[in-house]
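The chain contents come next:
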Amino acid sequence: MNIGGAVMTYRRGCVAMIASTLLMTTALVPVMGIGPALAQVPVGPQKTNLSATHVFAIKAQPMTSALTQFGVQSGVQVTVDGALARNINARAAAGTMTAEQALETLLSGSGLSYDITSDGTVVVVAVSGATNGDGMVLDPVRIVANSDQDTGPKNAITDSFVAPRSLTGSKTDTPVLDDPAAVSVITQKEMETRNVQDVQQVVAYSAGVQSGEYGSDVRYDYVRLRGFYSSLSTYRDGLSSRTYNFTTARQEPYGLQQVDVLKGSTSSLFGMNGPGGLVNLVTKHPQDEAGGEVFTTFGKNHLRTGGDITGPVAEDSKWTYRLTGMWQNAERNQDYSQDDRIYIAPAFTYKPKAGTELTILTSYNKRKSNLGYGFPVGIETSRDAFFGEPDFNNFDTEETNLGYEFSHQITDKLQFRQNARYTHVDLDYETVYLNDTAPLGNRNAFAIYGKLDRFAIDNQMQYDTAINQDLGSKTLIGFDFNRDVNREKRYDGTASPIDPYNPAYCGLSCININFTSDTEITQAAYGVYAQEQLTIAKNWIATVGGRFDYVQSDVDTLSSGTTEERDDHKFTSRLGLTYKATDEVSVYGNYSESFEPVYSSTSSLPGGAKPQLGTQYEIGMKYQPAEMDALFTVALFDLTQENVSQWNEDYSKHTQIGEINSRGMEVEGKISLDARTNLTLAYTYLDAEIKDDVVTSNIGNRPEMVPEHAAAAWIDYTIPENGARGDLTFGTGLRFVGSRYNNNANGELLGSHAVVDALVNYKVTDNVNLAVNATNLLDREYVSSNTFGSRFYGEGRTVLATLKYSW
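> What exactly am I supposed to notice about helix α5 (residues 63-74) here?
Helical geometry note: an α-helix holds 3.6 residues per turn, so side chains three or four residues apart project in the same direction. With 12 residues, α5 extends 16 Å between its outermost C-alpha atoms, agreeing within 8% with the 16 Å of an ideal straight helix rising 1.5 Å per residue. Those residues of α5 that sit buried are Met63, Ala66, Leu67, Phe70, Gly71, Val72, Gln73 and Ser74. Taken from the residues just after α5, Gly75 is the one with a positive phi, measuring 75°.

> Would you mind going over the pattern of salt bridges with me for this structure?
What the rule picks out here adds up to 37 salt bridges. Glu190 is the salt-bridge partner of Lys670, the closest N and O atoms lying 2.9 Å from each other. Residue Lys670 is found in strand β35 (residues 654-672), and its partner Glu190 is found in helix α8 (residues 188-194); the two are separated by 480 residues along the sequence. Note on Glu190: relative accessible area 1%, which makes it buried. In this structure, Glu689 engages Lys691 in a salt bridge whose closest nitrogen and oxygen atoms are separated by 3.3 Å. For Glu689, a relative accessible area of 26% corresponds to the partly exposed category. Overall, the relative accessible area of 39% leaves Lys691 in the partly exposed class. A cluster of three or more residues bridged by salt bridges with shared partners is formed by Glu252, Arg304, Arg332, Asp339, Arg341, Arg367 and Glu795.

> Could you clarify how one ought to interpret the state of the cysteines in this entry?
One covalent bond between the sulfur atoms of two cysteine residues makes up a disulfide. Under the criterion given, the structure shown has one disulfide. A sulfur-sulfur distance of 1.7 Å marks the disulfide that ties Cys506 to Cys510. Measuring the twist about the S-S bond at about 55°, one finds the Cys506-Cys510 disulfide to be right-handed.

> Before we go on, may I ask you to explain the confidence of the model for the protein in this structure?
Taken residue by residue, the protein gives an average pLDDT of 87. The fraction at 70 or more is 88%. For the stretch residues 1-7, pLDDT sits under 50, and the model shows zero contacts to residues farther than four places along the chain or on other chains. Counting contacts from residues 129-153, a segment whose pLDDT is below 50, to residues more than four positions away or on other chains yields 62 contacts.

> I keep staring at the nonpolar core and nothing clicks. Help me out?
Nonpolar side chains tend to gather and get buried jointly when the protein is soluble and globular. Within the largest apolar cluster, 24 residues are counted, with the highest numbers of intra-cluster contacts made by Met63, Leu67, Phe70, Leu106 and Leu107. Secondary-structure elements contributing two or more residues to this core are β1 (53-58), α5, β3 (78-81), β5 (93-98), α7 (99-107), β6 (112-116) and β7 (122-126). With residues near it in sequence (within four places) discarded, Phe70 still touches Phe56, Ile58, Gly75, Val76, Val78, Ala99, Ala102, Leu103 and Leu106. Membership of the second largest hydrophobic core comes to 14 residues, among which are Ile186, Leu256, Val261 and Leu281.

Reading the values: rules and limits
Residues numbered from 1 in each chain as written. Predicted model: local features only at pLDDT ≥ 70, side-chain atom pairs only at ≥ 80, totals over all residues. Heavy atoms only, no water. Helix = DSSP H or I, 4+ residues; strand = E, 2+ residues; numbered from the N terminus. Expected span 1.5 Å × (residues − 1). Buried < 20%, exposed > 50% of the residue type's maximum accessible area, 1.4 Å probe, protein only. Salt bridge = Lys/Arg side-chain N within 4 Å of Asp/Glu carboxyl O. Disulfide = S-S within 2.5 Å. pLDDT = per-residue confidence, 0-100. Contact = heavy atoms within 4.5 Å. Core = buried A, V, L, I, M, F, W, Y, C linked by side-chain atoms within 4.5 Å.

Right under this line is the structure:
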């Protein structure tokens, strides 16, 4: 009798039953929140409750922008004539206080006061006898500031490279200056300026990030954070988009309005993840202001067209919409390559009353692309050469997403949020490639046909209050659930030899491929977490968080009738402290942990694999000057990951005695000096070392593919229009990756490389722009990686011209 198995089944059943009950309960909240039951909650008047206490972070700045931030952070609707506020600066309002105290602080000494209208709107007015800053009477310009005009991810930042706030760093709307962690935010403005074509390009100018490791291999987005790569590190709108085996789909950057890179161990909020951090992709959301664009992009063997429109469904409607679409027919630089895409994403937001909001996000993403182009050692030929079979060279994915984001302000202090998404992915993966050890012999043939179904949901309750005049509290509790079912049928075989220097292709007839396995991986992950952000005496912010994860993983090999079950669980924590030295400067430190389950069969690792565990210590400083739109971050960190899973030298045995340490420094600056100049700077130093290894001679070596130095810089400048000539923008960027070893034995050192990107943009009319973007402008040839017995070259020069009409 298998008593142990019965006990495990019973325990798993209890966990699943409890979690299912919670999910059924919380899943009803979006329906109930809009219905009559919750309509009795007096949310509307809270919009004008000046006695409510909030945590404010408003620096000294022009009055109009200060009032906008006040409306965002307090939920109070404010109106002011631009003529009154022009050339008047507001004082800083920072710390825990009532909305009335914050507003009076901002207006103090400005010659402005305020009235409250019958509908509760705060109207800023001039004190009798006062004039504006330059004494001139100007035409009034109406400025409205309210909680809908957030600078967070729901409202795209289209005019700056700088994002002052992020929901990713703490799962709450917190200024980046206050978060006790390094966060890089890539805004929609930056993505559009550089005309990014994939997620690797999006994050390429961020500190602590190494992207495009496999160069021309375009199956996945390879992103390494602080020296660590993890297939679990990608998120979409705060929900996991993990990769468990082969079946996944690359995300379309045109469908994104922001990308957040949260660096360091993040499991205390997001659950299982690698120690280096995560990348959160933020989908384009409906906007309150109507607008849109249509465009066409063309280049060598490249044609792309699409559009993006958003705004209210009708005048005074409670519904807003967004429709984003794109079609592409293209080839890449390599022979027999393709990069065809179809993307369409309808989205709707419904705001039935103040404090309640439901956003529905859907997308369809179809790609027809190819495999990586690896060159075995000893094969010296063109980097664009192709050694497979054109008729058996596919990495085709079809992804469908249906999700929603719901929030309801229960009281002026208590808010409930729920995000959910269902994802389905189909994969056709077919390839023929040279044998690494005998490239002139029979080629290898390989195929995967996969299906992935994923459901993810995250429930959050946030309570903000002021305990007293010097103590403010922001409490977050949450429960999330993820379930993935990934089924893959695998085929292996051979194809006849090919001359790599004069390839002649033989078609499907020379491929001999046979069924190998039919495997289904099912994983259910449950997480409960809590976080407290405590503001002390206005200048200190203590962040304390913890999370418990329970993960059920089943591997069913349907072709052999075997099943392997494994349960992993772990409590992870995070401790952070931020000191606001001034309204512009903060100093922080944190301790955080990571939890990363390993997928390995018992045949390769008897007894099962232990989760890989990480710990991080980090200190840093952030500077956000009041006189310019900029944000600078310096971070020092010490990361260690234990139970590192690895194969022995001949790949016959899987072990878990590895330990890797990564210490380093990151420096990053994002600056939008004015409407004409944007600048990004990033530098990373990594002192990485293998502390323990199954191969004892590797101990003390540098981990494979981790450079000691990396840097990136981008600048663009706009020459203003003059007469008949419109605005003319020039931009250029440099990406540098230092030398790195091809394996943990440090057998071969790959040389460093630097590539140049460029931009020219001409404003034809107020609504029409013509831009030309080039990546690897000088067509630098370099080896991006040399692993698994093959070299992978970086992408060559790509030049794309885009004609865009916007309104």
